[in-house]
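Architecture at a glance
Okay, here's what each chain looks like letter by letter:
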Amino acid sequence: MAGNDWINSYLEAILDVGPGLVDDAKSSLLLRERGRFSPTRYFVEEVITGFDETDLHRSWVRAQATRSPQERNTRLENMCWRIWNLARQKKQLEIESAQRMAKRRFERERGRREATADMSEDLSEGEKGDLVSDISAHGDITKARLPRISSVDAMETLHGLIRGENMELGRDSDTGGQVKYVVELARALGLMPGVYRVDLLTRQVSSPEVDWSYGEPTEMLTLRSSEGFLSEMGESSGAYIVRIPFGPKDKYVAKELLWPHIPEFVDGALSHIIQMSKVLGEQIGGGEPVWPVAIHGHYADAGDSAALLSGALNVPMLFTGHSLGRDKLEQLLKQGRQSRDEINMTYKIMRRIEAEELSIEASEIIITSTKQEIEEQWRMYDGFDPKLERKLRARIKRNVTCHGRFMPRMVIIPPGMEFHHIVPHDGDIDGEIEGNEDHPSSPDPPIWSEIMRFFSNPRKPMILALARPDPKKNMTTLVKAFGECRPLRELANLTLIMGNRDNIDEMSATNSSVLLSILKLIDKYDLYGQVAYPKHHRQSDVPDIYRLAAKTKGVFINPAFIEPFGLTLIEASAYGLPIVATKNGGPVDIHRVLDNGLLIDPHDQQSIADALLKLVADKQLWARCRQNGLKNIHLFSWPEHCKTYLSRIASCRQRHPQWQQDDDETEKSESPGDSLRDIQDISLNLKFSMDGEKTEGNGNLDESLESEDNVKSKLEKAVLRWSKGIMKDAKRAGSTEKTDHNPISNKFPALRRRSHIYVIAVDCDTDADILETIAKTFEAVGNERTEGSIGFILLTSLNISEAQSLLIKGGLSLTDFDAFVCNSGSDLYYPSLNSEDSPSRLPFVVDTDYHSHIEYRWGGEGLRKTLVRWAASLTIKEGEKEEKILTEDEENSTDFCYTLKALVPTMVPPVRDLRKEMRNQALRCHVIYSKGGTRLNVIPVLASRAQSLRYLHVRWNVDLSMMVVFVGEYGDSDYEGLLGGQHKTVILKGVSTGASNFLHSNRNYPLTDVVPFDSPNIVQTSEECSSAEIRASLEKLGFLKS
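Note that the coordinates shown come from a computational prediction; the quantities given were computed from them, not determined experimentally.

Within the chain one finds 36 helices and 31 strands. When burial is assessed residue by residue, the chain has 58% of its 1042 residues classed as buried. Counting only contacts in the chain whose residues sit at least 6 apart along the sequence, the fraction spanning at least 24 positions is 73%. Carbon and sulfur atoms make up 48% of the accessible area of the chain, which amounts to about 43600 Å² in all.

Set out below in C-alpha cells:
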C-alpha cells in the first residue's frame, strides 16, 4: 500500500494499544502525526475507543505474521475497510441516540403541557422546591408498632442464590453487592423496635449446581440472643428468608430466563403471605389476619412481582431498582457491539424496562441511593418526570386536586452497614508482626498469606480494588495507571480481588476477557511481585482484606465507569481506609458526607495515578482522610437507614384486604327511594347492582332477541334508580345495622364449596364461537359438573349486560357460572341465588370489595377526559374529510372501565403508544384491546383478568392450583397474563380472535419472554379442539379421571 503510510501508522497504533480500550489522550500524543491531519489520533481516539477492538488487534497480529507481501497488503486493506465501517456505525449510533433523546424530550414536554393544562392552578415560587426533599421531610418513625413488613426481592431473590451467611458474592453477574444489601436490610429491619416480622422472599433452588442451603424452605436471619428481644417479640417474629419454588425444577438459571415464571412466584408468595397472616393473627392480631404493611421489590423482576402482589393484597408497594434497564440499554447501544434486537435477545431488556415502568405505576415510594440515580436514570422513563412530579407534589401539599394524576415519591436512602463489630486498625504492619509478652500477636487470617505471597515487599501500602472482572468496573485502566506510573509502583502494591474462579476457561466470555487483559498488562509492565490477584476468597474474608489494607496504610479504589452507589466504599471507610472513587454516580454523595478521599475521572488514566500517588505519598492527607471517614461513618449505619426507611413507610396510606364479613352485620346505606327496599337479598359486603352501567338503550344487544331486551329493560330500571348513587354512598358509609332477612348470607358464594374451578377465558370475534367453546367444555366435564364439586367462572372483555345476553342467546342459565369477571377484569359479579324472590328481579351481585382493591390510582374523570381528547386527535384523511379512528363508547363504559370504540380497527395505534401517552401525563391505567381490536378498554392499572383470580384466592380462599383456565390460541392484548401461575392452563388450538397478529405484534417483546410454554401446567389441544380433546387435556392435568 505504497503512499498510504498513514494506514501503517494507525495500524501500528493498534498494535501498541493492544486489545484493551484506548481512553488515554496522553498516549495518542506519542503516536506519529503526518501533516495537519492525524489519522492515527482520529482512528484510535474516535473509532477504536468506542468499540471493542480485540478482534482488530488479533487480525493485525495475523496480518503482521504473513510472509507474502501481497497477502499482507490485502489483509491490511481489509482492516482499513473494517475500521471505516466501525466509524460509520459509530456515527450512525450517535445519530440514532440523538433522535431517541429528542423524541423522548418532545413526548415528555407534550405530556407535561397537557397535564399542566388540566391542572389549571399555577405554582407559586415558594412551591417550586427541589426535586428531592430532605430525607427527614416526613418526620421521625412512628412510635406505634408496625406489625409486619414483607420484603420481596428480585435479582438477589428471584434468581435464588441468596442466603444469610457465606454469601457467594461474585459467583456470577446475578450475585453482586445487592445480595448483601437485601440480606442485611432484612436483618436490620427485623431488629428494629416496632417491626414484628420481615420476610425476604426468594427462589428455592434444589440443584447439584449450587449448595444445598439454597433448597431450604426457610432460613432465619435475626440473631435473637438478648432476653429483652425475646420478651418483646413473639414466636414467629424476626427476619426470615423464605424460598418459594418456581421456575425450572432442579436447575439454576440466570435471571433473564425467569421472566416467564414470575406469575408462578407471585402465586406462591401470595399463598405464603396469606398463611403467615393467619398465623400472625392468632399470635398478635386477636384472631384477625395481620397483613404486611408494605411490599418492597428489588430489581426489575421483583418490582413486577411486587406490583402484582400489591394489587392482589391492596398493600402499599416500595421499589428499589438497583440497576435500571433503560440506562443499560443506552450504554449497550453506544458500545455498538450489538443491535437492539440482539441486546433484547440476550438481556430480555424490553421486558425488564416494562417491568420497571409498571413498578413506577404501582409504587408509592421508590428508594434510590443517590440524587444522580433520580436525575440521570429515572428521568429516562415514561412514568417519571421530575418537573411534573414537583408540580403534583405541590398541589398535594396545598390539598388541590391532581385530576387523577400520580407519581411515586423518590426518596434517597443510602444503603447501611453494621459497624458494631468493626474495630479500625491503629497500628501498622511493622508494629504488629513482632508483638510482645503482654500482648502476643494473634494469628494472621489465612487470606493475608494468600495475598501477601504475591508481593516481593509486602510492607508497602496496599492499593485495594474489589470488584467483578466486568468491563464496566474499569479494572484494566487501573492496572494501566499503576503500571505506567513508576513512582506509584515504587511506593505501593496493588491488590485485585475479582471474585472467585477455578479455571479461566470456565468463566463467562466477558469476565474471562477482562481477566486475560489484566494478566497481559501485568506481564507487559512486568508487575510481578507488585500485584496480587488471588483466585478464591470467602465473604467472611472481606473484612480481613480491608484490615490488611488499613494495616499497610493503603487506599481503597473504585474506578468504575458508573457506580450506582458504591457500598464497598462505605465498608472500606469503616475500616479506616481513605478512598479514591469515580466521579460518576453514588460516590459523589458518599464523598460529600465522609470527605475521606479523592474523586477521579474513570476515563483519565493519569487522574487515577495522581490521586493514588497523592494519598499514598502524603501521610498527613492519608491520616486526615482516615479520621474524617471514621468520624462520619455512623451516618451510613443500618439503624439510621432503617429509621428513615420506616418513617417513609409510616407516611404511606395504610391499605390491606378489608371485607365486611361479620355474619351478625350487614351494610347500612341510605336509600334514595323505595326501589332500594325492594332489594331484600343484599349481603354483608356485596350489593346488587349493574355497577354503574351507563347504558340507557339496548343497542348493544341483539334486537332479534325479545327476551334479552326484556331482561335488560328490567335491569336498567333498577340500576338507574339507585345503583350509581347507592354504591358510592355505601362505600363512604362505615356503620352497619342489623337485618333479619339475609337468605344468602349463609350459603354465598358457591365458589367456597368447589374442589375444582374451571375458568373460561377464550376471546373470539363472534358470540357463536364463545358459546361453542363453553358447550364443548361443559360436555367434556360430563357428570362431574352435576355433582357440585366443579364450578365455572367466565372471564371476558364484555360488560355484564353483554355477558348476560350471550348466555341467554346460548340457552344457558346464569347459575351455570359461579362468577363473572367482566370489562377485562374491572368488574366482578356473582349470580343471585334469590333473584326470583326479589321484586327488582336483579340476577347479579356485584363485589364492591373488588372495586376497593383495584381503585388504587384510578384516574377517574381526569383520565376519561384525557382519553377523549387523545381519541379526538386521531384522524385519517379521505379526500377533504377527516374520519375519526376511535371514539368514546359511553354506552359500554362503567365507573371502572372507560371504553373506546374503534371506527377504523386497522388504523388504531398500538397499546404501547397509548400506554406511553398516559404515563407521560402521570395517569395510571391498564390498556387492553378486545373484540378483535374493535374495542379499547381502559381499566385501573392493577386490574386484570389474571389479577381477579388472585383476588378470589385472597377473598374466598379459592385454591389457585385447583383452577384450570381455558384460553384460545390467541386472545385480547392481556392474553399473556392468563397463561402463567400456579393454575393450570388449557390452550384450545384453533380458537382465537381474527386480529391476533395485530393485537400481539405491538408489544415490545416476544410472547416467549413472558409465557412458560414448556411448563407442565400448560397443555394444548389438537387443531380439532373437540370435547374429547378437552377432556383428555383435563385428564393429563389430573383434574378428571379417565
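The subject of this paragraph is unusual backbone geometry. In this structure, Lys348 is a non-glycine residue whose phi angle is positive, near 50 degrees. Positionally, Lys348 belongs in the loop between α12 (340-347) and α13 (349-362). A positive phi angle, near 55 degrees, is found at Lys553, a position not held by glycine. When its relative accessible area of 27% is taken as the criterion, Lys553 is described as partly exposed.

Turning to the sheet that holds strand β26 (residues 898-902), a few remarks are in order. Read across the sheet, 4 strands follow the order β25-β26-β28-β27 without closing on themselves; strand pairing throughout is antiparallel. In this open sheet, the two strands that pair with only one neighbour each are β25 (886-888) and β27 (926-930). Shown here is a sheet whose adjacent strand axes are inclined to one another by a mean of 25 degrees, direction ignored. Examined bridge by bridge, β25 and β26 share 3 bridges and lie antiparallel to one another. When the sheet's bridge partners are listed, Glu888 is paired in β26 with Leu900.

With respect to the helices and strands, Thr175 occurs in the loop between α6 (155-158) and α7 (177-190). Among the polar contacts made by the side chain of Thr175, one reaches the side chain of Asp172 at a distance of 2.8 Å.

In the structure shown here, the tally under the stated rule is 39 salt bridges. Between Lys180 and Glu571 there is a salt bridge, with its nearest N and O atoms 2.4 Å apart. Placement of Lys180 in helix α7 and of Glu571 in helix α22 (residues 567-574) is noted, with a sequence separation of 391 residues between them. A relative accessible area of 12% places Lys180 in the buried class. Linking Glu563 and Lys473 is a salt bridge whose minimum nitrogen-to-oxygen distance equals 3.6 Å. Here the residue Glu563 occupies a position in the loop between β12 (555-558) and α22, and Lys473 occupies one in the loop between β9 (462-466) and α18 (475-484), the gap between them amounting to 90 residues. Judged on exposure class, the residue Glu563 and its partner Lys473 are both buried. Several salt bridges converge on common partners, so that one network encompasses Arg163, Glu168, Arg171, Asp172 and Asp211.

Spatial strand order, β11-β10-β9-β12-β13-β14: 6 strands in an open sheet with parallel pairing. Of all the strands in the sheet, the pair left with one neighbour each is β11 (531-532) and β14 (597-600). Bridge analysis of β12 against strand β13 (residues 579-582) gives 3 bridges, and the strand direction is parallel. Bridged to Phe556 within β13 is Ile579. Of the strands in this sheet, β9, β12 and β13 are in contact with α22, which crosses β12 at around 175 degrees.

Across all of its chains, the model carries 9 cavities of 30 Å³ or more by this definition. The volume enclosed by the largest cavity comes to roughly 790 Å³. The wall of the largest cavity is formed by 36 residues, among which Leu358, His926, Glu976, Gly977 and Tyr1005 lie closest to the centre. Among the elements of the structure, α9 (262-284), α10 (299-313), α13, α33 (911-920), β27 and α34 (945-956) are those that each provide at least two residues to the lining of the largest cavity. For the lining of the largest cavity, the leading source of residues is α13, giving 5 residues. A class-by-class count of the residues in the lining of the largest cavity yields 17 nonpolar, 7 polar and 12 charged.

Moving on, we get to the nonpolar core. Judged by nonpolar contacts, the single largest core of 119 residues is most densely connected at Trp378, Leu751, Ile793, Leu863, Leu886, Leu936 and Leu952. Sorting elements by how many residues they give to this core places α10 first, with 8 residues. Discounting chain neighbours no more than four positions away, the residues touching Ile793 are Leu751, Ile757, Tyr758, Val759, Ile760, Phe817, Ala819, Val821 and Leu952.

Once that is clear, we can look at the pairing of β12. Burial along β12 is two-sided: the residues Val555 and Ile557 and Phe556 and Asn558 are all buried. In terms of strand pairing, β9 meets β12 through 2 bridges, oriented parallel. Along β12, the bridge assignment pairs Leu464 with Phe556. One crossover worth recording links β12 to the parallel β13 by way of α22, and it is right-handed.

With that out of the way, let us pick up the pairing of β27. Where burial is concerned, most of β27 is hidden: 5 out of the 5 residues are buried. Burial of the side chains of β27 extends over both faces: His926, Ile928 and Ser930 are buried on one face and Val927 and Tyr929 on the other. Alignment of β27 against strand β28 (residues 935-939), held across 5 bridges, turns out to be antiparallel. Bridged to Val927 within β28 is Val938.

Mapping Phe565 onto the fold places it in the loop between β12 and α22. For Phe565 and Glu373, which are 192 residues apart along the polypeptide, the C-alpha to C-alpha distance reads 8.8 Å. The contacts of Phe565, once residues within four sequence positions are left out, are Ser369, Thr370, Pro414, Pro415, Ile570, Gly586, Pro587, Ile590 and Phe636.

Moving on to the side chain of Asp763. Among the structural elements, Asp763 can be located in the loop between β18 (756-760) and α28 (767-781). Using a relative accessible area of 5% as the deciding quantity, one classes Asp763 as buried. Reaching out from Asp763, the side chain makes a polar contact with the side chain of Arg945 at a distance of 2.9 Å. In terms of polar contacts, Asp763 uses its side chain to reach the backbone amide nitrogen of Asp972, at 3.0 Å. Those residues in contact with Asp763 that lie beyond four places of it in its chain are Arg945, Tyr970, Gly971, Asp972, Ser992 and Thr993.

Locating Ala780 in the fold gives a position in helix α28. The spatial distance from the C-alpha of Ala780 to the C-alpha of Arg1031 is 4.9 Å, given a sequence separation of 251 residues. Leave out the neighbours within four places in its chain, and Ala780 touches Ser1027, Ile1030, Arg1031 and Leu1040.

Between its first and last C-alpha atoms α13 spans 20 Å; for 14 residues at 1.5 Å apiece the expected length is 20 Å, and the two agree. Counting buried residues in α13 gives 14 out of 14 residues, a clear majority hidden from the surface.

Glancing now at the packing of aromatic side chains. Evaluation of the coordinates by the stated rule reveals 20 aromatic pairs. Seen in terms of ring centroids, Phe319 and Trp378 are 6.0 Å apart; in terms of plane orientation they differ by 75 degrees. Their pairing is edge-to-face. In this pair, Phe319 sits in strand β6 (residues 317-320) while Trp378 sits in the loop between α14 (371-377) and α15 (386-397), placing the two residues 59 residues apart along the sequence. Residue classification places Phe319 among the buried residues on the basis of a relative accessible area of 0%. The exposure class assigned to Trp378 is buried, which follows from its relative accessible area of 0%. A centroid spacing of 5.9 Å and a plane angle of 80 degrees characterise the contact between Tyr758 and Phe966, whose relative ring orientation is edge-to-face. Taken as a pair, Tyr758 in strand β18 and Phe966 in strand β29 (residues 963-968) lie far apart in primary sequence, 208 residues in all. Residue class for Phe966 comes out buried when judged on its relative accessible area of 0%. By the ring-pair criterion, three or more aromatic residues cluster together here, those being Tyr758, Phe778, Phe792, Phe817, Phe820, Tyr829, Phe844, Phe966 and Phe1039.

Criteria and cut-off values
- Residues numbered from 1 in each chain as written.
- Predicted model: local features only at pLDDT ≥ 70, side-chain atom pairs only at ≥ 80, totals over all residues.
- Heavy atoms only, no water.
- Helix = DSSP H or I, 4+ residues; strand = E, 2+ residues; numbered from the N terminus.
- Buried < 20%, exposed > 50% of the residue type's maximum accessible area, 1.4 Å probe, protein only.
- Contact = heavy atoms within 4.5 Å.
- Areas by Shrake-Rupley, 256 points an atom, 1.4 Å probe, with all protein chains shown as cover.
- Pairing = 2+ DSSP bridges.
- Axes fitted to C-alpha atoms, helices over the stretch in contact; angles between N-to-C directions.
- Polar contact = N/O pair within 3.5 Å; in protein donor to acceptor, adjacent residues only side chain to side chain.
- Salt bridge = Lys/Arg side-chain N within 4 Å of Asp/Glu carboxyl O.
- 1 Å grid on protein atoms, 1.4 Å probe; cavity = no way out; pocket = protein on both sides within 12 Å on 5 of 7 lines; lining within 4 Å.
- Points joined across faces, edges and corners; volume = space filled by probe spheres on them.
- Nonpolar A, V, L, I, M, F, W, Y, C, P; charged D, E, K, R; others polar.
- Core = buried A, V, L, I, M, F, W, Y, C linked by side-chain atoms within 4.5 Å.
- Right-handed = clockwise from strand over helix to strand, strands pointing away.
- Expected span 1.5 Å × (residues − 1).
- Phe/Tyr/Trp six-rings, centres within 6.5 Å; stacked < 30°, edge-to-face > 60°.

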